[in-house]
Amino acid sequence: MSNSPNPIKHLTVHQRLLMTFTFFSMFFGAGNLIFPPFVGAQAGAATIPAAIGFIVSAVGLPILGVLAVTFAGGFDRLAGRVSPRFALLLGIAIILTIGPCFAIPRTATTSFEMMVAPFAPNDSMWFARLIYSLLFFASSFIFAQHPEKLSKVLGRFMGPLLLTLIAVLFVACLVHGVDQAVAPAGNYQSNQMARGFLDGYQTMDLLAALYFGIVISANVRALRIEDEPQVQRETAFAGLGTGILLILIYAVLSYVGVVSGSIATIDPESDTGATVLTNLTSSVFGAEGTAFLGVVFVIACLNVCTGLICTCATYFHTKFPIAAGHTVSYRTWQLIFTMFSFVVSNAGLSLIIKVSVPVLSALYPMAIVLVLLALTHQVFTTRFPRVYFWTVLLVGLVAFAGCAASLTAVFGGSLPWLESALDLLPLQSKELGWLTPAAIGVVIGVGDSLRAQREQKSC
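These numbers come from a predicted model, not from an experiment.

Help me out: how do you make sense of the overall build of the protein chain in this one?
Across its full length, the protein chain carries 20 helices and two strands. Over its C-alpha atoms the protein chain spans a radius of gyration of 23 Å, differing by no more than 12% from the 23 Å that the globule rule assigns to 459 residues. Dimensions along the principal axes, computed over C-alpha positions, put the protein chain at roughly 75 × 60 × 50 Å. Within the protein chain, the fraction of its 459 residues that count as buried is 50%. Surface exposure of the protein chain reaches about 20,700 Å², of which carbon and sulfur atoms provide 68%. Positive and negative side-chain charges in the protein chain, numbering 23 and 20 respectively, have mean positions lying 14 Å apart.

Looking at this structure, I do not really get the nonpolar core. What am I missing?
Nonpolar side chains in soluble globular proteins generally cluster together in the buried interior. By size, the foremost hydrophobic cluster in this structure holds 123 residues, and its most contacted members are Tyr250, Phe297 and Leu370. Here this core takes 17 residues from helix H16 (residues 349-375), the largest share from any one element. When residues are assigned to domains, this core turns out to be shared by domain 1 (13-346) and domain 2 (348-458), each giving three or more. Within the second largest apolar cluster, six residues are counted, among which are Ala401, Leu418, Leu422 and Leu425.

What should I look at first to understand the packing of aromatic side chains in this one?
For the structure on display, the rule yields 15 aromatic pairs. Ring geometry for Tyr201 against Tyr364: centres 4.2 Å apart, planes inclined by 20°, an arrangement best described as stacked. Of this pair, Tyr201 sits in the loop between helix H9 (192-199) and helix H10 (205-212) while Tyr364 is found in helix H16, placing the two residues 163 residues apart along the sequence. Each of the two residues, Tyr201 as well as Tyr364, counts as buried. With a centroid separation of 5.2 Å and 50° between ring planes, the pair formed by Phe316 and Trp333 is classed as tilted. With Phe316 in helix H14 (residues 286-319) and Trp333 in helix H15 (residues 330-345), this pair connects stretches of sequence that are 17 residues apart. Judged by relative accessible area, Phe316 falls into the buried class, the value being 8%. Given a relative accessible area of 11%, Trp333 falls into the buried group. Connected via pairs of aromatic rings, a cluster forms that spans Tyr315, Phe316, Phe320, Trp333 and Phe337.

Any chance you could explain the domain arrangement of the protein chain here in plain terms?
Where the parts come together, the accessible area they lose is often given as the size of the interface. What the domain assignment reports for the protein chain is domain 1 (13-346) and domain 2 (348-458). Listed per partner, the contact involves 43 residues of domain 1 and 30 residues of domain 2. Interface area for domain 1 against domain 2, summed over the two sides, is near 3,100 Å², with a carbon-plus-sulfur share of 77%. The largest contributions to the domain 1 side of the interface with domain 2 come from Arg81, Phe102 and Tyr201, which together make up 22% of the buried area. If you look at where domain 1 meets domain 2, you find one salt bridge. With a closest N to O distance of 3.1 Å, Arg195 and Glu431 form a salt bridge. Inspection of the domain 1/domain 2 interface yields nine residue pairs in polar contact (both at pLDDT 80 or more). Contributing elements (two or more residues each) for the side of domain 1 that touches domain 2: helix H3 (47-72), helix H4 (75-80), helix H5 (84-101), helix H6 (103-115), H9, H10 and H15. Top contributing element to the side of domain 1 that touches domain 2 by residue count: H3, with six residues.

How do you make sense of helix H13 (residues 273-284) when you look at a structure like this?
Three or four residues apart is the spacing at which side chains of an α-helix point the same way, because the helix has 3.6 residues per turn. Helix length check: H13, at 12 residues, gives a terminal C-alpha distance of 17 Å against a target of 16 Å (1.5 Å per residue), a fit within 8%. In terms of residue burial, H13 counts as a mostly covered element, since nine of its 12 residues are buried. Along H13, the positions that sit buried rather than exposed are Gly273, Ala274, Thr275, Val276, Leu277, Thr278, Asn279, Leu280 and Thr281. Where H13 terminates, the next one or two residues include Gly286, which has phi positive at roughly 85°.

Definitions and cut-offs
Residues numbered from 1 in each chain as written. Predicted model: local features only at pLDDT ≥ 70, side-chain atom pairs only at ≥ 80, totals over all residues. Heavy atoms only, no water. Helix = DSSP H or I, 4+ residues; strand = E, 2+ residues; numbered from the N terminus. Rg over C-alpha atoms; globule rule 2.2 N^0.38 Å. Buried < 20%, exposed > 50% of the residue type's maximum accessible area, 1.4 Å probe, protein only. Areas by Shrake-Rupley, 256 points an atom, 1.4 Å probe, with all protein chains shown as cover. Lys, Arg positive; Asp, Glu negative; His and termini not counted. Charge placed at Lys NZ, Arg CZ, Asp CG, Glu CD. Core = buried A, V, L, I, M, F, W, Y, C linked by side-chain atoms within 4.5 Å. Domains from an automatic or database assignment. Phe/Tyr/Trp six-rings, centres within 6.5 Å; stacked < 30°, edge-to-face > 60°. Contact = heavy atoms within 4.5 Å. Buried area = accessible area lost by both parts, 1.4 Å probe. Salt bridge = Lys/Arg side-chain N within 4 Å of Asp/Glu carboxyl O. Polar contact = N/O pair within 3.5 Å; in protein donor to acceptor, adjacent residues only side chain to side chain. Expected span 1.5 Å × (residues − 1).

Structural data, given as structure tokens:
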């Protein structure tokens, strides 16, 4: 029996375009604009392989993530194939990562670097950041009380405005040109493609795709598509269109970074993608152009911040309505996340990114294997369900060991015994040491599944 009055067999071209741009809006925001230029500025003459690596992880993986959760029927079902407790823990980790620990503070620091930092004196930068972040998060908290009003206004023109901004920057770069691209610097002196792949983690889009990816298929069903294989096909069509758009945008922004890097040298240790963009705009458009770029980033980041505060508060209010024996309201969770993000944001954009790298390097490998296993579910893992548990377990152990070693190094310490143990893994020098445990986990999972099946038959 049909659930809708007039189900349809497939979407029209117009509806598919609508789904594509809905899909696109999930992954394209002001924060993501700063990463491809930073790749281009560092990679210089080796930008093409670096950009390819970045695009694979920043575009390919999130789209595969959406397909994986669509095929599985949602995040909880997908992660629940490992275990229900794992689904809860991974859900919390994703929400905290794309929320108050990294993504929300980054909206304030990115917009500050674009809008205020180019004009603030260095000796009072900390005070300017404090005041700016206070005003930014106070505004975000107020807007978060009625997020639908802000999104209704900004959602109509923010995406087109950002795309127009990218087009203007690209044309300016074509006119300016590059006499000679700089030599690769920083982490891009070697293994540029692998480095670009790892830096694509910074978009956090795979994590967002795992948790919010089911929204796309829900939108397809809302357009009266009821045949499940067709829902999956329409989701794939939207993913393909989104992938093409993102590839073009990230390629353009990488070139923008190459041009900016030829204009002004950056310090990979202390500068960020925001520095790359402000160097370009101040050189090509002057102070007025830099100020305009800053205003656009402030508005866009404010919109993203408001949405993330609401998302995190909704999740925690649903999962933890009572904490320490006390009822915690939705607004209280909003206030907690806003205040925590305010504190974190004053560490500065550079430090937030440095700390996020080890954390994302722990979460991403688990997310990647979960997605790949889900995409082979019908032909492989449905026959060997224990592969999910063993693969994610072994990958998680290695990934979190690497996270501990890297975080210790970020704060000036070292764990030589742990680093030596991790160095025994193949490809660990390229931060891909988790691939071997993943393969071992598949083998163990297959054996464990066969053992369980034999025991079940004997009973």
